Amino acid sequence: MWGKLSDIWGRRPSLIIGNLVPLLLFFPLNAMVGQMFLSLFLPATSVRTVGVAFPYAVAVAIFGGPAPYLQNWISTQYSAGMFSLHMGLLLVVSTVVASIPPETKAKDLRH
């Protein structure tokens, strides 16, 4: 579905939207998660899906796997809110980088 929208809107807007939406949602969703372990599952209960694609699972394991350790280290070295700031800054950087490439919407990409 996202690929089809990318064909309609263009790659650059799709990349920018793909970064800005998580940036806007990260802080409110992070605030919903309390200090209890079970609270991690409460916000996502209604949107759980059955089965996750293997490449997605591998990417999450590689790139998301160290995130809890990084969050713990940043929280102990600085403060708990610094990890949220770190994530927000990464999304801002990703949005800036996504706005740099030329738009390919309605262009022949075969050559």
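Here, every reference points to the structure presented above.
Just so we're clear, the structure is a prediction, and the values are computed from it rather than from any experiment.

## Examining the overall build of the chain
When helices and strands are tallied, the chain shows 5 helices and 0 strands. Element order for the chain, N to C, with α for helix and β for strand: α-α-α-α-α. For the chain, with 111 residues in total, the buried portion stands at 12%. Taking all contacts inside the chain whose residues are at least 6 apart in sequence as the whole, residues at least 24 apart take part in 65%. Carbon and sulfur atoms provide 73% of the accessible area of the chain, an area that totals close to 8,800 Å².

## Brief notes about the pattern of salt bridges
One pass over the structure, following the stated rule, counts 1 salt bridge. Between D7 and R11 there is a salt bridge; the shortest N-O distance is 2.9 Å. For D7, a relative accessible area of 43% corresponds to the partly exposed category. Under the relative-accessibility criterion, R11 is labelled partly exposed at 29%.

About the cut-offs
- Each chain has its residues counted from 1, running along the sequence as written.
- Reporting in this predicted model follows two pLDDT cut-offs: at least 70 for local features of residues, and 80 or more for side-chain atom pairs to be given and counted; totals over whole chains, interfaces and linings ignore these cut-offs and use all residues.
- Side-chain measures here rest on the full set of heavy atoms in the structure, leaving out hydrogens and waters.
- Secondary structure is summarised from DSSP: a helix means a run of H or I of at least four residues, a strand means a run of E of at least two, and numbering begins at the N terminus for each.
- For each residue, the accessible area found with a 1.4 Å probe, counting protein chains only, is set against the maximum for its type, and the residue is called buried under 20%, exposed over 50%, and partly exposed in between.
- Residue contacts follow a heavy-atom distance rule, with two residues in contact if any of their heavy atoms lie within 4.5 Å.
- Residue burial considers only the protein chains on display, and all accessible areas are found by Shrake-Rupley using a 1.4 Å probe.
- Definition used for salt bridges: Asp or Glu carboxyl oxygen within 4 Å of a side-chain nitrogen of Lys or Arg.

By themselves, these are just geometric observations and shouldn't be taken as functional.
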